[in-house]
Each structure stands twice: as C-alpha cells, then as structure tokens.
Amino acid sequence: MGRIKEKFDLIVVGGGHAGCEAAAAAANMGSKVLLITMNMTNLAQMSCNPSVGGIAKGQIVREIDALGGYTGIVADNTMIQFRMLNLSKGPAMWSPRAQNDRVLYSLEWRSILEGINNLDFWQDIVTSVIVKGQKAVGVKTLMGLNFFSKTVVLSNGTFLNGIIHIGIKQFSGGRIGEGTSKNLTENLKDLGILSSRMKTGTPVRADGRSLDFSKMIEQKGDKIPGKFSFASTRKLTKQRSCFLTYTNPEVHEILKQGFDQSPLFTGRIKGRGPRYCPSIEDKIERFASKDKHQLFIEPEGWNTVEYYVNGFSSSLPEEIQFKALRKVPGFKNAKFFRPGYAIEYDYFPPSQLSFNLETKQIENLFFAGQINGTTGYEEAAAQGLMAGINAHLKVKQKPGFILKRSEAYIGVLIDDLITKGTDEPYRMFTSRAEYRILLRQDNADFRLTEKSHELGLAKPERLKELKKKYGKIRSLEKLMQEESVTPAEINPFLHTRGLSLIRQKNRIETIIQRPQVKIIDLYRNIEKIRELIDAIGKVRNDEIEEAELLVKYRSYIEKEKEVADRLGKFEDYLLPKNLNFHTILSLSYEAREKLSRIKPETIGQASRISGVSPSDVSVLIVFLGK
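Residues numbered from 1 in each chain as written. Predicted model: local features only at pLDDT ≥ 70, side-chain atom pairs only at ≥ 80, totals over all residues. Heavy atoms only, no water.

1. Looking at the overall build of the chain
Within the chain one finds 21 helices and 21 strands. Along the first, second and third principal axes, the C-alpha set of the chain runs to 85 × 75 × 50 Å. When contacts within the chain are restricted to residue pairs at least 6 apart in sequence, those whose partners lie at least 24 apart make up 72%. Taken together, the 92 basic and 72 acidic charged side chains of the chain have centroids lying 1 Å from each other. (Helix = DSSP H or I, 4+ residues; strand = E, 2+ residues; numbered from the N terminus. Contact = heavy atoms within 4.5 Å. Lys, Arg positive; Asp, Glu negative; His and termini not counted. Charge placed at Lys NZ, Arg CZ, Asp CG, Glu CD.)

2. Comments concerning the sheet that holds strand β4 (residues 79-85)
Read from one edge to the other, the open sheet built from three strands follows the order β3-β5-β4, with strand pairing classed as antiparallel. Each having just a single partner strand, β3 (51-53) and β4 make up the two edges of the open sheet. Pairwise comparison of adjacent strand axes, ignoring direction, gives a mean angle of 15 degrees for this sheet. As paired strands, β4 and strand β5 (residues 95-100) are joined by six bridges and run antiparallel to one another. (Pairing = 2+ DSSP bridges. Axes fitted to C-alpha atoms, helices over the stretch in contact; angles between N-to-C directions.)

3. Some thoughts on the side chain of Gln383
As for its position among the elements, Gln383 is in helix α9 (residues 377-395). Engagement of the side chain of Gln383 in a polar contact is seen with the side chain of Thr374, the distance being 3.0 Å. Ignoring sequence-local partners within four residues, the contact set of Gln383 consists of Leu357, Ala368, Gly369, Asn372, Thr374, Leu413 and Leu417. (Polar contact = N/O pair within 3.5 Å; in protein donor to acceptor, adjacent residues only side chain to side chain.)

4. Points about the environment of Tyr435
On the secondary structure map, Tyr435 appears in the loop between α10 (409-420) and α11 (444-455). Along the primary structure Tyr435 and Phe337 are separated by 98 residues, whereas in three dimensions their C-alpha atoms are 43 Å apart. For Tyr435, the residues in contact, after removing those within four places along its chain, are Arg405, Ser406, Glu560, Val563, Ala564 and Leu567.

5. Side note on helix α8 (residues 318-325)
The set of residues buried in α8 consists of Ile320, Gln321, Phe322, Ala324 and Leu325. The secondary structure elements touched by the buried residues of α8 are β10 (163-166), β12 (196-207), α6 (249-256), β15 (294-299), β16 (306-313) and β17 (336-338). (Buried < 20%, exposed > 50% of the residue type's maximum accessible area, 1.4 Å probe, protein only.)

6. Examining the packing of aromatic side chains
This structure, assessed with the given rule, holds nine aromatic pairs. Taken together, a centroid distance of 5.1 Å and an interplanar angle of 45 degrees make the contact between Phe213 and Tyr307 tilted. One end of the pair, Phe213, is in the loop between β12 and β13 (217-219); the other, Tyr307, is in strand β16, with 94 residues separating them in the sequence. Ring centres of Phe322 and Phe336 lie 4.4 Å apart, and the angle between their planes is 5 degrees; this geometry places the pair in the stacked category. Of the two residues, Phe322 is situated in helix α8 and Phe336 in strand β17; the sequence distance between them amounts to 14 residues. Taking the relative accessible area as the measure of exposure, Phe336 reaches 16% and is therefore buried. Feature note: the residues Phe213, Phe243 and Tyr307 constitute an aromatic cluster, connected by ring pairs. The ring of Phe230 carries Arg62 above its face, with NZ or CZ at 4.6 Å from the centroid. We note Lys238 situated over the ring of Trp302; from NZ or CZ to the ring centre the distance is 5.0 Å. (Phe/Tyr/Trp six-rings, centres within 6.5 Å; stacked < 30°, edge-to-face > 60°. Lys NZ or Arg CZ within 6 Å of the ring centre and 35° of its normal.)

7. Things to note about the pattern of salt bridges
On inspection of all chains with the given rule, the structure shows 38 salt bridges. The shortest N-O distance in the salt bridge between Asp416 and Arg405 comes to 2.8 Å. With Asp416 in helix α10 and Arg405 in the loop between α9 and α10, this residue pair connects regions lying 11 residues apart in the sequence. The same class applies to Asp416 as to Arg405, namely buried. By sharing partners, the salt bridges in this structure join Arg405, Asp415, Asp416, Lys420, Glu434 and Arg608 into a single network. (Salt bridge = Lys/Arg side-chain N within 4 Å of Asp/Glu carboxyl O.)

8. Description of helix α18 (residues 554-571)
Here α18 is 18 residues long and its end C-alpha atoms lie 25 Å apart, about the 26 Å a rise of 1.5 Å per residue gives. Along α18, the positions that sit buried rather than exposed are Arg554, Ile557, Glu560, Ala564 and Glu571. For α18, the angular spread of the buried residues around the axis is 130 degrees, confining them to a single face. Exposed residues pointing more than 90 degrees away from the buried face of α18 are listed as Lys559, Arg566, Leu567 and Lys569. Buried residues along α18 sit in contact with α12 (460-482), α14 (508-512), α17 (541-552) and α20 (603-607). (Expected span 1.5 Å × (residues − 1). Arc of directions from axis to C-beta.)

9. Regarding the pairing of β10
The side chains of a regular strand alternate, first on one face of the sheet and then on the other. Here β10 pairs with strand β11 (residues 169-172) via four bridges, running antiparallel. When the bridges of β11 are listed, Ile166 appears paired with Lys169. The antiparallel pairing of β10 with β11 creates a hairpin that spans two residues between the two strands, and Gly167 there sits at a positive phi of about 60 degrees. Inspection of the sheet shows β10 paired to strand β18 (residues 341-347) by three bridges, in the antiparallel sense. What sits directly across from His165, in β18, is Ala342.

10. What to know about the packing of α6 against α8
Close contact between α6 and α8 brings their axes to 8 Å; oriented N to C, the two are set at 170 degrees. As summarised for this structure, α6 and α8 are arranged roughly antiparallel, according to the angle between their axes. Counted together, Val251, Ile254 and Leu255 of α6 and Ile320, Lys323 and Ala324 of α8 form the full contact between these two elements. For the contact of α6 with α8, the per-class residue count stands at five nonpolar, no polar and one charged. (Parallel < 35°, antiparallel > 145°, perpendicular 65-115°, else oblique. Nonpolar A, V, L, I, M, F, W, Y, C, P; charged D, E, K, R; others polar.)

11. Some words on the nonpolar core
If you look at the biggest cluster of nonpolar residues, it comprises 129 residues, and the most contacted ones within it are Leu154, Leu365, Ile410 and Leu522. Here the element with the most residues in this core is α9; it accounts for 10 residues. Counting 25 residues, the second-largest nonpolar core is a separate cluster that includes Phe243, Leu295, Leu325 and Phe336. (Core = buried A, V, L, I, M, F, W, Y, C linked by side-chain atoms within 4.5 Å.)

12. A word on the pairing of strand β7 (residues 126-132)
Among the seven residues in β7, five count as buried, and that is most of the element. Summarising the sheet, β7 and strand β8 (residues 135-141) pair through six bridges and their orientation is antiparallel. Of the residues in β8, the one forming a bridge with Val129 is Val139. Turn length for the β7-β8 hairpin, with the two strands adjacent in sequence and antiparallel, is two residues, and the turn residue Gly133 shows positive phi of about 60 degrees.

13. Focus on unusual backbone geometry
Positive phi, close to 50 degrees, is recorded for Asn161, a residue that is not glycine. Looking at the element boundaries, Asn161 is found in the loop between β9 (145-154) and β10. Residue Asn161 is classed as buried on the basis of its relative accessible area, which comes to 18%.

14. Details of a nonpolar patch on the surface
A cluster of nonpolar side chains, Val103, Leu104 and Leu107, forms an exposed patch at the surface whose accessible area comes to about 270 Å². Among the secondary structure elements, Val103 is positioned in helix α4 (residues 102-114). The exposed category is assigned to Val103, whose relative accessible area is 55%. (Patch = residues over 30% accessible without salt bridge, like charges linked within 9 Å, V, L, I, M, F, W, Y side chains within 5 Å. Areas by Shrake-Rupley, 256 points an atom, 1.4 Å probe, with all protein chains shown as cover.)

This is the structure we're talking about:
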C-alpha cells in the first residue's frame, strides 16, 4: 500500500453537490483540502433533473448562498429559465426555481473549484477510512494509496454498492454508464456504523427533434427573471421554455403490461423509494382512480436537443417505457436517448450523527448528502456546506457551527435527519419548517450572511452590501410608517383599481396593508411617494418588495418570532453527554428507550423525538433543575 506523504486538514470523498460545497467551504476557510472523486469530468453532475430550487429547495439554495456557498452562483450562471413558484400564496411560500444547462453547470463548478488555492484533487475510488483510536485519520483507495488527514467527509451519493434496475435487468453502477463504490460500506459497518438501503430513480431522456410541442402546453419563464445569489451574478436575458403534457388511460394500460417485470413490484428492489417523487408505475398503482398524470418536458441546456421527461421516472423494461410514452400527446414519433431506471444504494441512518454532521462512533468522520438518506441536489449541497464548515472548525479546535430551526431551513433539515432519522429519501418542504414566515427566501442574507462573515466565509464586501441594503429597507419601512397621503393624492389610484376610497389622510403603511396594493405601483403612479422614495437614494425593486413584506406581514412575523423566542428558552438547554435516561423512572418507557438510542444533545432535540411527550420533556427539565 503506497503512502502519500502530504497530509491534509480535510479529505472529501465524492465530487457531487455535497462534496463540492464541503471542499470549497473548508478550503475557503483556510483548511488544506483534498477532494477525491471517481470522475473529474462529472463534478456536481446533475444526475437527475437539470434544475435547481423549487418548493423549499429554493430557500435552501438562497441560504447556501448567504452562507458563502456556490450552488446559487453556479445556478445563476448556467440557468436557461427562471420561475418564482407559489406567487399566488403568501411570501413564506414563494420559492425560486431555475432550469439549468446540465453540461455548463458541471463545468462552472469545476472552474470555481480549480480556482481555490487550498484545494487539491485526486481521481480514484476510496475503499476504506483509516481509523486509529476511534478517530478518522485518512482513507485508502482502489489504486493502493493511503491519504492522511485530520478530518474526513464522506459524500458518496448513490455510489455505495449502487445497483441499477431496468425491468429484469440489473447491473452495478452509481449512475448509468458509471461504476460503483464497493468495500466502503463494509468498512464502515466494521467500525460500528449501521447501514441500510434506499432507492431512487430517473426518467427517460427524449430527442426534442422528434417531439411535437404544438400538442403540449408551453411554460415560459418569468417575464422579469430573478436569480438565487445575493451577489452580482449574471442576469438572464433570454430563456428556453418547458412544456406540460399528460399521461392517459391508454398509457397506463401499456405500463401495466410490464408490472410483472417491475423490480419494484416483484421484490427485487428492497430499498424504500422517495414518497414525494414516485415512479410512474408507483403512481398508477397508488393512485388508481386518477386517469392522468402531469409530465413536464424540460430542456437539458442551451445547445442540445435532449429533453428530460419529468414525472416519468421508471424501472420498467425499456420497450414498455417507450411504447407507453408514444401514446402521450406530443410523443407520437418520439425517439429516446436512454430509458428511465431505478438505482438502489447504501445509506447510513442519520440518527448516528451529531448536529455538526460528525459520526458519533468515529471522531473526525463526517457524512453529507445522500449517504444520510436525503434526496435532491439542494439538500445534499446544504449538508456538504455544513460538513465542510464543521470539519474545518474541528481541525481548528473550535465549537461546531449549528443552525437552529428558527434560523434556517438548513437547520430544519439537519435537525429532522438527526432527531427523527429517515427510512425513506428525505425531501424538504415548506411544511416541515414551523417558522417559515421567518425563513423566507428573500431574507436569507439578513439571517445568515453575518454568521458566514464571522466564520470567515462571506467576504467583507458581502457584509458591506448587506448593511447597505438593509439600511435602505429600514428607511423604506420608516417612510411607510411615518408618511401619509391625502385622499386627493391616493384616491385616483384606488379608483382605477376598483378599491374603496379613503376619506381622510392615511399613513402609507395603512394603504400598503391592503392585499391588492403594492408599493412599487404607488411609486410608479403617485408623485409624492416617488419623491419620498427617491430621496432615500437609488433603491432596487427587491429592496422595495422586501420592505413591503415587512410592513404587510409585520404582525405575523412578530408573533412567530415571539413563539420562536419563547420555545428557544429551553431549545439550547444542554443534556449531559453520559446521562442514563433509564434511571429517570418518571419518563415513559418509550421515551427512555428512544432517548437512550438517539442520545439527544439538547432539550429542544429531545422534544422533537417521536414518542417523547410534552410531559416527558417537563420531567427532563425538572430532573436537570435538580
């Protein structure tokens, strides 16, 4: 076994979305980092959907950006379409989503990583973690090399003993056309870390030249496209459309012909699949009363005819997939680049981790991404960023960086994984965040950039811009609270909108609190308001919109903050590391059992464990008070 003499602060295993963010974060903070990946040409590969963001996921990408990560920047620089989802709902639900150029996305990530001085690369397969005295000290590779480091982050994605299923055919692979990583799971199990299996899948890819888009519903991007990053990234000046079409009963009947060869129904697939992104055969089986299902036809880039058939994930025989799809409107003469397939892979239940994503069994060993049972680029990237930050802090012997549930969706994600665990691919939703009014996509920089600057990630320029931005927003809020308009000034505008008129002078704040009124419209139509806002200085539309949100939803925001502060009183109340819950007989038997297994670090974490009741939490508080 060869030995590389150079020693690193951190070795990151896996060049997916988690691995790239982990390596970049630690290196930018000053650690000497080695990124080991199976294929240097596939860094941050979009294995499934060529898109970033979506419901709750868009909030995570904005949080990654606010913390100094790169996913939002790469998404902005490679997007081919942008849409803000859920605009018909309240601002807590607004979620940015981009369609991206798959090839450019990976190339952009590689360019960024190669520009980081403290970051080195090695193309190889890691077969085991080197452990001494219950501490990770490096890794061994298939080439027979030993690399040594102070910390290790594993972000292997779907490559741990990956098996691809298409009908009755199955073969090894982490993605179609790529290899798999063997031996590492067995090594980790020998170290006392429990493993299990999960399943995910990906749809057919179609040749756009053979599709009839006139039979589909065109979905254009926003007229004024937004972006993810709070930095000055590229603005989208042109966009490519996506298209919507539907399956039908004939499609379903053809698909059913392959059910007897489906690895999902015949039991060959043992791992649990994603509940919220099921395969087309699973949809037909579970929702038998539905006679159609949506399919989103999405371009894979600027200069390609390849299209992603979103909603048609499948592991049925390829001839069944193709035959059924040709009965979908617009697909009569369709040609295909490759079939959909399912993939099974190893993961490690995340309840075995601490909040800094370090394994409880082996010190200095961190897990991030699908290895923890999550699904999605955004969830993986967020974990990678946090693992990279915490690995660096561990090397510097500093406390871990932990985000609370009231501070970020990333905090919700990690708390859910560690406290509740998961036996199916975990996907983030706005409904998972109890403080979602506080965790809006528009204020991620306000919540997190200062924390990032304290860590050494966000540059001083970012903090300077943040303070400048929120200075203007506070000035706009003050203006709306203190300045008034007369009936003569505002009623003509209200009349044109069919809104009730005012009879006396009203503060601008009162007018803005009407759901139908936007400050940007008042700015464009009322001279007095335009003069007041212009007196503040040059104000961007996003600054005006955020000030408006803070005024319109002030009571909701304040109420939610009050709840978060009240519950937070015990949230960080630390539990002794060696506390024997079985000796606290006032706890219910289930609570003693689950607390002993999960070993929560705080009262807050204990309160969110399924089976631990409010009375059990009260018992703990009284016990610790003694």
